[in-house]
Amino acid sequence: MNPMNQEYSASTENDMEIEATELSTTVPIGLNTSIVQKEHVSTHSKLYLRHDYYSDLKMLGFTYKQDPAVTIDKNFHGCNASFSTDFCTVSRHNSYSNCVVFMSQPIEVNDIVQLEFLSEAQGWAGHMRFGVTTQAPRTLKTIPPNGMTFYAREDYWILSSGKLHNRNREDDYVLNFESLKVGDSVALSIDNKNQMIFYKNGVYQGIAVSNLPKGNKYQAVIDVYGSAKSIKLTYLRHQSSLKEQCLMSIFKKLSNSEAIEQLPLPFHLKERLREMF
């Protein structure tokens, strides 16, 4: 079944709950000349990872566990960023920009970087930007006021308003952040084929980038911009099944896909190995 066509079902006893983190301080609401910002806050106190979330990855045998050690980089961020005590929630406390942040650690293959949209500010145009870079963030001389600065770079891949930006090129993509409602989540993952994939509320949205450079470390970059006011980052680390670990060991020893046919394996396992090339 195509993951994009799956419908959500009711929560089950096997569901994993992730508690939303409360902001440690009251964040002042910015002003736009005569327009007073109205802050709309999520009424969702919990974000559920139901059995049908990230179903395309789970079909490969992965399970997921939240890694609270992976947060937003608390020491390198835009000047309008405020954080919760665990540094997983970021809010913009003034104006419409200067809230570019990076994740504290690189993304591992098949892990999920999930953002929950917690609150919005009316009166501003635009929305958040979300993507990856191969640049070590600390090598930036200054943090730009917004993510548009990265559009021309060859080492950044940024999704914004239904457009994927890289090297001054923009490609249409099905996911538009401006359609998000408070309480929705978006996420990205990089698979072992170096493809970047996005999700909305746990549902597969398709491949956004099919040819990320191999052999690089990828860092998540987030721009809490415009009508996006506050987001929460959750890092979901994949836990490989024994079957997937065995397949990965076999895959690393194969020189090409033609060698798969000679292996004494069931057809469905050979098919899975072919998909990994």
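Residues numbered from 1 in each chain as written. Predicted model: local features only at pLDDT ≥ 70, side-chain atom pairs only at ≥ 80, totals over all residues. Heavy atoms only, no water.

Draft legend 1. Quick peek at the overall build of the protein chain. On a plain count of helices and strands, the protein chain comes out with three helices and 20 strands. Carbon and sulfur atoms make up 50% of the accessible area of the protein chain, which amounts to about 13600 Å² in all. (Helix = DSSP H or I, 4+ residues; strand = E, 2+ residues; numbered from the N terminus. Areas by Shrake-Rupley, 256 points an atom, 1.4 Å probe, with all protein chains shown as cover.)

Draft legend 2. View of helix α2 (residues 242-253). For α2, spanning twelve residues, the distance from its first C-alpha to its last is 17 Å, which sits close to the expected 16 Å at 1.5 Å a residue. Residues of α2 that are buried include every one of E244, L247 and F251, and no others. In an axial view of α2, the angular spread of the buried residues amounts to 60°, which keeps them on one side of the axis. Opposite the buried face of α2, by more than 90 degrees, sit the exposed residues L242, K252 and K253. Where α2 is buried, its residues contact α3 (267-276). (Expected span 1.5 Å × (residues − 1). Buried < 20%, exposed > 50% of the residue type's maximum accessible area, 1.4 Å probe, protein only. Arc of directions from axis to C-beta. Contact = heavy atoms within 4.5 Å.)

Draft legend 3. Main features of the pattern of salt bridges. Per the counting criterion, the structure on display carries eleven salt bridges. Of the charged contacts, one joins E261 and R274 as a salt bridge, the two residues approaching to 2.4 Å between their closest N and O atoms. In this pair, E261 sits in the loop between α2 and α3 while R274 sits in helix α3, placing the two residues 13 residues apart along the sequence. Its relative accessible area of 28% is what places R274 among the partly exposed residues. In this structure, E271 and R274 form a salt bridge, with 2.5 Å as the shortest nitrogen-oxygen distance. Separated by three residues within a single helix, E271 and R274 lie in helix α3, roughly one turn from each other. By sharing partners, the salt bridges in this structure join E261, K270, E271 and R274 into a single network. (Salt bridge = Lys/Arg side-chain N within 4 Å of Asp/Glu carboxyl O.)

Draft legend 4. Representation of the environment of L233. In this structure, L233 sits in strand β20 (residues 228-239). Considering only alpha carbons, one finds L233 and F87, 146 residues apart in sequence, at a separation of 8.7 Å. With sequence-adjacent residues up to four places away left out, L233 is seen in contact with V70, T71, I72, C88, M103, V113, Q114, L115 and I222.

Draft legend 5. Representation of the pairing of strand β16 (residues 185-190). Across the six residues that make up β16, a large majority, six, are buried. Across five bridges, strand β11 (residues 112-121) lies against β16 in antiparallel orientation. Bridged to E116 within β16 is S185. For β16 and strand β17 (residues 196-200), the ladder comprises five bridges, and the chain directions are antiparallel. (Pairing = 2+ DSSP bridges.)

Draft legend 6. Highlighting the packing of aromatic side chains. One pass over the structure, following the stated rule, counts nine aromatic pairs. With 4.1 Å between their ring centres and 0° between their planes, F150 and Y156 make a pair best called stacked. When sorted by exposure, F150 lands in the same class as Y156, which is buried. Within the aromatic cluster, the residues linked to one another by ring pairs are Y96, W124 and Y225. The cationic tip of R129 hangs over the ring face of Y225; the distance from NZ or CZ to the ring centre is 4.2 Å. (Phe/Tyr/Trp six-rings, centres within 6.5 Å; stacked < 30°, edge-to-face > 60°. Lys NZ or Arg CZ within 6 Å of the ring centre and 35° of its normal.)

Draft legend 7. Looking closely at the environment of V101. Here V101 shows up in strand β10 (residues 100-103). Sequence separation between V101 and D73 is 28 residues; the distance between their C-alpha atoms is 6.9 Å. Once residues within four sequence positions are removed from consideration, V101 is found in contact with I72, H77, A81, F83, V90, A220, V221 and I222.

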